[in-house]
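So you can see what is in the structure, the chains are spelled out below.
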Amino acid sequence: MTYSVKFHSNPGRDLVVSSAPMLRAFQTVATYQVEHGEIRLTKSGAWNRHCIDWVVRRMDFPNWTAEKLYSVNKVLDEYDVPPLEYLRVLLTALRLGRKMGAGWRLTKSGMALAGDPEAAYATIAPAFLFRFDHSEGKRSGEAPAGDWELWLHAINRMPEDGFTLPDLANLLFGPGAGGGWRGPAGGLFSAVAMPLEWVGLLTRTGKGGIDEMVWYRTPLWAAVLDFQRQTIARNVVPFPSRG
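To keep things clear, this report deals only with the structure shown in the data block. (Residues numbered from 1 in each chain as written. Predicted model: local features only at pLDDT ≥ 70, side-chain atom pairs only at ≥ 80, totals over all residues. Heavy atoms only, no water.)

## As for unusual backbone geometry
Backbone geometry at Asn63 places phi at a positive 70°, although glycine is not the residue there. Look at Asn63 and you get partly exposed, because its relative accessible area is 29%. Even without being glycine, Arg95 reaches a positive phi, approximately 60°. (Buried < 20%, exposed > 50% of the residue type's maximum accessible area, 1.4 Å probe, protein only.)

Set out below in structure tokens:
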């Protein structure tokens with residue numbers, strides 16, 4: 001018996017907009033294009049500071065607010081706002097946006113998708129989770145063993161009233177596996193929990209230590225994820241009983 005995880009295509013327009021920061025960022029980029037025509041690029045091919053500042057002030061992305069970002073940066077470049085850096089790369093890879101001369105624009109299909117939140121979420125969220133190796137850009141911890149199927153099923157088993165990442169690490173890798181920021185729990189933060197937070201499937205309370213952050217599955221988790229059980233036929237040779 002094996003298990004697979006699929007995304008439902010119609011979780012509800014209002015639910016995806018209110019829950020998913022990455023979707024709101026995509027829609028905000030589309031609005032910027034409507035108002036400014038295109039996004040100017042830096043020499044390195046990143047979105048320029050004017051775009052980043054404009055989008056950050058409007059996209060409603062928890063933990064990546066203008067107030068918080070400008071408290072540690074005098075100006076904002078794309079690499080100072082990882083969600084937007086990921087978004088540009090993702091939209092380009094999905095051919096929903098492309099470089100045009102010294103600028104970057106959403107394509108006609110990209111602009112149309114921005115106006116359909118459910119379709120946009122069904123396109124962007126799975127691609128963002130499954131087509132990036134999020135452990136490559138991790139800022140803490142060791143890369144967690146396993147894959148998305150394992151991690152999602154494990155999170156689905158965690159308590160409804162919240163869990164910590166050391167708790168999740170202990171479930172996945174055995175008692176005492178947490179290890180703080182530098183251990184498996186820290187790797188789960190960067191490679192698993194934070195990407196899920198960006199697409200609106202997890203939310204958290206608490207700040208500071210990894211043991212103090214409590215994570216919760218959002219209403220979008222139940223609405224969009226389908227945990228299926230499938231039977232796969234195998235050519236099994238029975239071992240004869242010696243009895």
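Past the structure itself, the notes keep going.
## What to know about the environment of Leu168
Inspection of the secondary structure assignment puts Leu168 in helix α9 (residues 165-173). Sequence spacing of Leu168 and Ala154 is 14 residues, and the spatial spacing of their C-alpha atoms is 7.3 Å. Non-local contacts of Leu168, meaning those with residues more than four positions away in its chain, are made with Ala154, Ile155, Met158, Phe163 and Leu188. (Helix = DSSP H or I, 4+ residues; strand = E, 2+ residues; numbered from the N terminus. Contact = heavy atoms within 4.5 Å.)

## What about the side chain of Glu197?
Structurally, the position occupied by Glu197 is in helix α10 (residues 184-198). What makes Glu197 buried here is its relative accessible area of 9%. Within polar-contact distance, the side chain of Glu197 engages the side chain of Asn63 at 3.4 Å. Filtering out sequence-adjacent residues up to four positions away, Glu197 remains in contact with Pro21, Asn63, Leu202, Arg204 and Trp215. (Polar contact = N/O pair within 3.5 Å; in protein donor to acceptor, adjacent residues only side chain to side chain.)

## Focus on the nonpolar core
The biggest cluster of nonpolar side chains holds 73 residues, and the ones touching the most others in it are Phe26, Trp47, Leu84, Tyr121, Leu196 and Leu201. Top contributing element to this core by residue count: α10, with nine residues. Other than its neighbours up to four places away in sequence, Tyr121 contacts Phe7, Val16, Ala20, Leu23, Pro126, Val199, Leu201, Leu220 and Val224. (Core = buried A, V, L, I, M, F, W, Y, C linked by side-chain atoms within 4.5 Å.)

## As for the sheet that holds strand β2 (residues 39-40)
With antiparallel pairing, the three strands of this open sheet are ordered in space as β2-β4-β3. Looking along the sheet, the strands with just one partner apiece sit at the ends: β2 and β3 (97-100). Pairing between β2 and strand β4 (residues 103-106): two bridges, direction antiparallel. Bridged to Arg40 within β4 is Gly103. Strands in contact with helix α2 (residues 21-36) are β2 and β4; relative to β4, the strand with the most contacts, it is inclined by about 115°. (Pairing = 2+ DSSP bridges. Axes fitted to C-alpha atoms, helices over the stretch in contact; angles between N-to-C directions.)

## Some thoughts on α9
Helical geometry note: an α-helix holds 3.6 residues per turn, so side chains three or four residues apart project in the same direction. Along α9, the residues that are buried comprise Leu165, Pro166, Leu168, Ala169 and Leu172. When α9 is viewed along its axis, its buried side chains cluster within an angular range of 155° and face the same direction. For α9, the elements touching its buried residues are α8 (148-156), α10 and β6 (214-217). Looking one or two residues beyond α9, the residue adopting positive phi is Gly174, at roughly 110°. (Arc of directions from axis to C-beta.)

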